[in-house]
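Architecture and fold: a report
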Amino acid sequence: MSEKLASTLQWLDPRDERFDWLNVADWEAQGDGFQPVRVAKVWRDQWPVKTARRGKSAAGMALRFRSDSQKLLLRVTFISVPDEAATPAVAWERARPSFFSLYRDGKYVASMAALNHFERQDVTIYDDGAPAGETEVRLLLPFYYRNAELIIHGIGIDAGAKLLRAEPDRRPRVFFHGDSITHGHGVTSPRETYVSQAADILDCVGLNFGFGGSAWGDNIIAKTIASRSDWDVLTIMIGCNSLAGADGDGQPEPVARYLEKYDAYLATIRAAHPSKPILCITPILNRADLKPGGNINGERPELYREGMTRIVRERQKSDPNLHFLDGLSMINDPLFLLVSDNVHPNDAGTHRIAQGVAAALQPLLAKLR
């Protein structure tokens, strides 16, 4: 972006009240800019460290507004997040460009990549490619968790352009909670995550509460979800990272203990929201299924799935708004997993999850419309 073009724009504070932000819990000052976070610090300080750091990823964040501007730029700095270890997987993740996905008047237009570095840059979302007249813009922010923490220094539009707040989005809101599979690991742009795909299929608002490398069923996360009232339906897709037999601190955790946590997790959320629909999803196929033997405790993945299923089925006897989806009904073939880890779904697998979750949610949302 040339300095000459940048100088012709009006640069706006991202917190301008005419901007409507989705999935932003707070804005944290960073130099001359602000970092949007999905989880406020008051909650992150109570969370396991590995989970808390993912709460600052921009996953599922979206910007909405109306304007007749022929240009849209974001002045941003991506934050370099320290890595736990220098592994090939980490190097691959950090090398992934951070993509934005643009919608206009509800229709997908394109995804564009920012420069892959951790210095200030002006990202051109569109430049003279906009239709004449006023339109509604929806921009999905980068979703990854090693290169999608960002500081927004300003949002640039034409100097003489109008800027209006978009009409309220009154569609049902689905809160998707899970691990890196929900967060979006494995796909390229934010519109390709299963959360975004399912929301498009269902014509609803999707809130991404996925946290890569975590989601062990810690009750403080359940308390955070329980504290929120901005959702109509909740999906819980956890358990994948617990199949290894350890908790969030890396300590051995037998399946019996995990199931106690899972039951308490559901109880905490249900106590705060006694009648809202909740869809519980068991883990999809995992590399633990593909190798012989058990985890560090000698226990196989089926013990986790069977136990989670049993807990949900028992609760359903007195809870008509609790629903169940078998993760293996969506992915039970390594063909749909990344060959690099046999954990995360590839593009085809992500699409299968989106289709399966959307099908399970469809009758629940129909009752809300």
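Presented here is a report on the structure given in the accompanying data block. (Residues numbered from 1 in each chain as written. Predicted model: local features only at pLDDT ≥ 70, side-chain atom pairs only at ≥ 80, totals over all residues. Heavy atoms only, no water.)

On to the packing of aromatic side chains, then. When we look at a pair of aromatic rings, we describe it by the centre distance and by the angle of the planes. Counted by the stated rule, this structure contains twelve aromatic pairs. Ring geometry for Trp-21 and Trp-27: centres 5.1 Å apart, planes at 75°, overall edge-to-face. Look at Phe-175 and Phe-209: their rings are 4.8 Å apart centre to centre, the planes differ by 40°, and that puts the pair in the tilted class. Linking Phe-175 in strand E13 (residues 173–178) with Phe-209 in strand E14 (residues 205–210), this pair joins segments that are 34 residues apart in sequence. Linked through ring pairs, Trp-47, Phe-175, Phe-209, Phe-211 and Trp-231 together constitute an aromatic cluster. Directly above the aromatic system of Trp-11 lies the positively charged group of Arg-75, at a separation of 3.9 Å from the ring centroid. In this structure, Lys-276 packs its charged tip against the face of Trp-231, placed 4.5 Å from the ring centre. (Phe/Tyr/Trp six-rings, centres within 6.5 Å; stacked < 30°, edge-to-face > 60°. Helix = DSSP H or I, 4+ residues; strand = E, 2+ residues; numbered from the N terminus. Lys NZ or Arg CZ within 6 Å of the ring centre and 35° of its normal.)

Let's shift gears to helix H11 (residues 347–366). With 20 residues, H11 extends 28 Å from end C-alpha to end C-alpha; this agrees with the ideal 28 Å at 1.5 Å per step. Where H11 bends most, at Ala-360, the angle is about 30°, and the proline Pro-363 comes one to four residues later. Taken together, the buried positions of H11 are occupied by Gly-349, Thr-350, Ile-353, Ala-354, Gly-356, Val-357, Ala-358, Ala-360, Leu-361, Leu-364 and Leu-365. Along its buried surface, H11 packs onto E13, helix H5 (180–183), helix H6 (194–202), strand E15 (233–237), strand E16 (278–281) and strand E17 (322–325). The N-cap residue of H11 is Asn-346: its side-chain oxygen and the backbone nitrogen of Ala-348 are 3.1 Å apart. (Expected span 1.5 Å × (residues − 1). Bend = angle between axes of the 7 residues up to and from the residue. Buried < 20%, exposed > 50% of the residue type's maximum accessible area, 1.4 Å probe, protein only. Contact = heavy atoms within 4.5 Å. Polar contact = N/O pair within 3.5 Å; in protein donor to acceptor, adjacent residues only side chain to side chain.)

What follows is about the sheet that holds E16. Strands sit in the order E14-E13-E15-E16-E17 across an open sheet of five strands; the sheet is parallel. At either margin of the open sheet sits one strand with a lone partner, and together these are E14 and E17. Each adjacent strand pair in this sheet contributes to an overall mean axis angle of 20°, direction not counted. Where E13 lies against E14, six bridges are found, and the strand directions are parallel. If you follow His-177 over to E14, its bridge partner there is Phe-209. Those strands touched by H11 are E13, E15, E16 and E17, and its axis lies near 145° from that of E15. (Pairing = 2+ DSSP bridges. Axes fitted to C-alpha atoms, helices over the stretch in contact; angles between N-to-C directions.)

With that settled, the discussion passes to the packing of helix H8 (residues 255–272) against helix H10 (residues 301–316). If you want to describe how two helices pack, look at the angle between their axes and the distance between the axes. Relative to each other, H8 and H10 sit at 35°, their axes nearing to 10 Å. Pair H8 / H10 crosses with right-handed handedness. For the pair H8 and H10, the contacting residues are Val-255, Tyr-258, Leu-259, Tyr-262, Asp-263, Leu-266 and Ala-267 in the first and Leu-303, Tyr-304, Gly-307, Met-308, Arg-310, Ile-311, Val-312 and Arg-315 in the second. By residue class, the composition of the contact of H8 with H10 is eleven nonpolar, one polar and three charged. (Left-handed = near helix turned anticlockwise from the far one by under 90°. Nonpolar A, V, L, I, M, F, W, Y, C, P; charged D, E, K, R; others polar.)

A word on the packing of helix H7 (residues 219–226) against H8. With their axes 9 Å apart at the nearest point, H7 and H8 run at an angle of 20° to one another. Accordingly, the angle class assigned to the pair H7 and H8 is roughly parallel. H8 is crossed by H7, and the crossing has right-handed handedness. Here H7 contributes Asn-219, Ile-221, Ala-222, Lys-223, Ile-225 and Ala-226 to the contact with H8, which in turn contributes Ala-264, Tyr-265, Thr-268, Ile-269 and Ala-272. Residues that form the contact of H7 with H8 fall into these classes: eight nonpolar, two polar and one charged. (Parallel < 35°, antiparallel > 145°, perpendicular 65-115°, else oblique.)

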